[in-house]
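Each chain, written out:
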Amino acid sequence: MSEKHITVKEVTLNNNCPECYNNKGLILSFQQQFIETRFYKSITAKVNHKLACKVCNTTIYPVQWNEDIERVVAYQEKAFTPKNPSTYLKKISWVIIIIVLVLALSLTILVFYPK
Ligand SMILES: [Zn+2]
């Protein structure tokens with residue numbers, strides 16, 4: 001089973017970077033947890049957000065945020081709509097389901113209509 005976080009939305013902020021003071025590099029990205037197993041793929045409701053500066057290539061952790069950044073992030077969080085959690089069954093799961101159904105059906109037929 002693998003767990004990934006996929007970026008579903010990216011917003012460029014006009015705030016100054018706490019590291020390099022540039023106001024063109026801050027990018028807030030929203031990531032949703034994505035689980036993949038042999039049988040299914042699933043997008044969960046778990047959302048993370050991450051602030052990074054592409055000018056100085058630094059991840060800006062919440063401890064470094066100033067009031068302005070906090071306000072903008074809070075606003076963007078409200079404006080963000082996550083993807084609906086959903087699960088997709090892979091082909092192998094459908095094959096197993098069909099085999100089980102066919103077996104159950106044959107069993108039912110054997111029980112109710114013995115030769
Ligand atoms: Zn920076």
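These numbers come from a predicted model, not from an experiment. (Residues numbered from 1 in each chain as written. Predicted model: local features only at pLDDT ≥ 70, side-chain atom pairs only at ≥ 80, totals over all residues.)

## Focus: the overall build of the chain
Working step 1: Along its length, the chain carries two helices and five strands.
Working step 2: Expressed along its principal axes, the backbone C-alpha trace of the chain runs to roughly 85 × 25 × 20 Å.
Working step 3: Within the chain, buried positions represent 10% of all 115 residues.
Working step 4: Sequence separation of 24 or more characterises 64% of the internal contacts of the chain that already satisfy a separation of 6 or more. (Helix = DSSP H or I, 4+ residues; strand = E, 2+ residues; numbered from the N terminus. Buried ≥ 20, exposed ≤ 12 C-beta atoms within 10 Å, placed from the backbone. Contact = placed C-beta atoms within 7 Å.)

## Description of the confidence of the model for the chain
Working step 1: Of all residues in the chain, 100% attain a pLDDT of 70 or more, and the chain-wide mean is 95.
Working step 2: Looking over the chain, one finds the lowest element-wise mean pLDDT in strand 1 (residues 2–12), namely 94, and the highest in strand 4 (residues 58–60), namely 97. (pLDDT = per-residue confidence, 0-100.)

## Observations regarding the nonpolar core
Soluble globular proteins tend to pack their nonpolar side chains together in the buried interior.
Working step 1: Counting residues in each nonpolar core, the largest one holds seven residues, listed as L13, C17, L26, L28, L51, C53 and I60.
Working step 2: Mapped onto this core, the elements with two or more residues apiece are strand 2 (26–36) and strand 3 (40–53).
Working step 3: Setting aside its immediate chain neighbours within four residues, L13 contacts L26, L28 and V72. (Core = buried A, V, L, I, M, F, W, Y, C linked by C-beta atoms within 7 Å.)

## With respect to the environment of E77
Working step 1: Note on placement: E77 falls in helix 1 (residues 67–79).
Working step 2: You can call E77 exposed: it has 12 C-beta atoms within 10 Å.
Working step 3: With 28 residues separating them along the chain, E77 and H49 place their C-alpha atoms 8.6 Å apart.

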